[in-house]
Amino acid sequence: MSASLAPTPFRVDSTRRETEDTWTLDLVAEGGEPLRFEPGQFTMLYAFGVGEVPISVSGDPARPQTLVHTVRAVGAVTRAVCAAGAGDRLGVRGPFGRAWPRPAAGTDVVFVAGGLGLAPLRPAIYAALEDRERHGRVIVLYGGRAPEQLLYREQLDAWRERDDLELAVTVDAAGEGWRGRVGVVPGLLERAQLDPQRSVVLACGPEVMMRFSVDAAVALGIDPGRVFVSLERNMRCAVGHCGHCQLGGSFVCRDGPVFAWPEIAPQLRVAER
Amino acid sequence: MRTIAELVSEAEIFAGMRDEHLELIAGCGRNEVIRDGEYAFHQGDPADTFFAIRTGMVALEIAAPARPRLVIETLEPGDVLGWSWLVPPYRVRFDARAVGTVHAVAFDGACLRGKCETDSELGYELYRRFAVVITERLQATRMRLLDVYGDPVATVG
């Protein structure tokens, strides 16, 4: 069997509850061999006896000894993964897929995340901060449904303290105890005072949010070719054979999940049945 | 200390307006400081004032029986707080609470409506600009009605 089709056993080292239904798992390979990945790639995570599901890697690519996944429990497999505790065993295939592009030197890098979409972007944010001198501004714009549904809240606090990263967080609605922004993510883009010639946008989140965000970025003068998005689709084989994730002429697992906006925009405006 | 005329000429909502119009608008304006937690206005109040926010943040809230107060939008420097002064029945629809100290230029809406009645060019300019504000807020509201983060289809991620 091809190595890309055979799961490698990993042990759950620790878990953290991010929100009511979302968990972050730190995994370590039983064989000890780190799983090296590029930001934006995903693995197929296998809950033995239940099934397999594609999950973006959300850890630091400079620290591959720990494979970090953030998973929302929405189906049988993801519920089984989220229920795993320290010492439990999961299978991992991958990494798969096309990574986020490495922005050219001097570029202002704008990360636009919505909801769980911060997870696939976080490795790219780590990489940008690891190589901070290379970039102009590093901007993280993050939106969620409500304050209690934001991911990585300690991480957000740490990023907020940095003077080499600009973080703006907004939620759709909040109680009166929330002292942050309430509004939509495209509004953050409009307020970020971007230089359209210097900016590259990496976006991940619900597709409707990404479409509105890309529209806002393009309206600000950013070339659509400098806008990249990561898509979710029903990946099964992860190697472009089974066709479950086909979108137009692309297989999201093999040709994505990261696409330049002009590559994929026409398909995203087609209603699915 | 900056004059109201200076502050009006710098406000985003009035950018590019003719000097004589800015002067008319400034005649209806005054400086206002809203302390943290204080309300600029409450739901149901006569909509006789609107604000051009200079510093600080304002939370638009709504209260409903047996439910906690809900913040539905925040407004920031450069934003306009209040457009009900332009639209009958001239009543405020939400509560507006300062989050931190807010400095703003407050405008007497009734005064400005009167000037718009007698100067149709000024009226056109103001309605045109506020139409953009109202449209942007409507679009943002529609976007939130989609509840995009409630989508349960989470595979990658």
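What this report covers is the structure whose coordinates are included nearby. Because the structure is predicted, anything quoted here is derived from the model rather than measured.

Reading the values: rules and limits
- Residues numbered from 1 in each chain as written.
- Chains lettered and ligands numbered in written order.
- Predicted model: local features only at pLDDT ≥ 70, side-chain atom pairs only at ≥ 80, totals over all residues.
- Heavy atoms only, no water.
- Helix = DSSP H or I, 4+ residues; strand = E, 2+ residues; numbered from the N terminus.
- Rg over C-alpha atoms; globule rule 2.2 N^0.38 Å.
- Contact = heavy atoms within 4.5 Å.
- Areas by Shrake-Rupley, 256 points an atom, 1.4 Å probe, with all protein chains shown as cover.
- Lys, Arg positive; Asp, Glu negative; His and termini not counted.
- Charge placed at Lys NZ, Arg CZ, Asp CG, Glu CD.
- Axes fitted to C-alpha atoms, helices over the stretch in contact; angles between N-to-C directions.
- Parallel < 35°, antiparallel > 145°, perpendicular 65-115°, else oblique.
- Nonpolar A, V, L, I, M, F, W, Y, C, P; charged D, E, K, R; others polar.
- Pairing = 2+ DSSP bridges.

## So, the overall build of chain A
Phase 1: Of the regular secondary structure elements, chain A holds seven helices and 16 strands.
Phase 2: Radius of gyration (C-alpha) of chain A: 18 Å, near the 19 Å computed for a compact globule of 273 residues.
Phase 3: Principal-axis analysis of the C-alpha atoms places the extent of chain A at approximately 50 × 45 × 40 Å.
Phase 4: For chain A, long-range pairs separated by at least 24 residues make up 71% of all intrachain contacts whose partners lie at least 6 apart in sequence.
Phase 5: Roughly 11500 Å² of accessible area belongs to chain A as shown, and the carbon and sulfur atoms make up 47% of that amount.
Phase 6: Charge-centre separation for chain A: the mean point of 30 positive side chains lies 3 Å from the mean point of 33 negative side chains.

## Describing the packing of helix α2 (residues 19-26) of chain B against helix α4 (residues 120-145) of chain B
All names here are of chain B.
Phase 1: It is at 11 Å that the axes of α2 and α4 come closest, and there the two elements cross at 80°. The angle between the axes of α2 and α4 places the two elements in the roughly perpendicular class. In contact with His21, Leu24 and Ile25 of α2, α4 contributes Glu121, Leu122 and Leu126.
Phase 2: Its residues placed into classes, the contact of α2 with α4 shows four nonpolar, one polar and one charged.

## Observations concerning the environment of Gly49 of chain A
Phase 1: Along the chain, the position of Gly49 of chain A falls in the loop between β3 (42-47) and β4 (51-56).
Phase 2: Between the C-alpha atoms of Gly49 of chain A and Ala80 of chain A, which are 31 residues apart in sequence, the distance is 9.8 Å.

## Considerations on the sheet that holds strand β11 (residues 181-182) of chain A
All names here are of chain A.
Phase 1: Across the sheet, seven strands lie side by side as β11-β9-β8-β7-β12-β13-β16; this open sheet has mixed pairing. Each of the sheet's edge strands pairs with one partner strand only, and the pair in question is β11 and β16 (258-260).
Phase 2: In the sheet, strand β12 (residues 199-204) pairs with strand β13 (residues 227-230) via four bridges, with the strands oriented parallel. By the bridge assignment for β13, Leu202 is matched with Phe228.
Phase 3: Of the strands in this sheet, β7 (108-114), β8 (138-144) and β12 touch helix α2 (residues 118-130), which is tilted by about 160° from β7.
Phase 4: Together, β13 and β16 form the strand contacts of helix α7 (residues 261-268), whose direction differs from that of β16 by roughly 100°.

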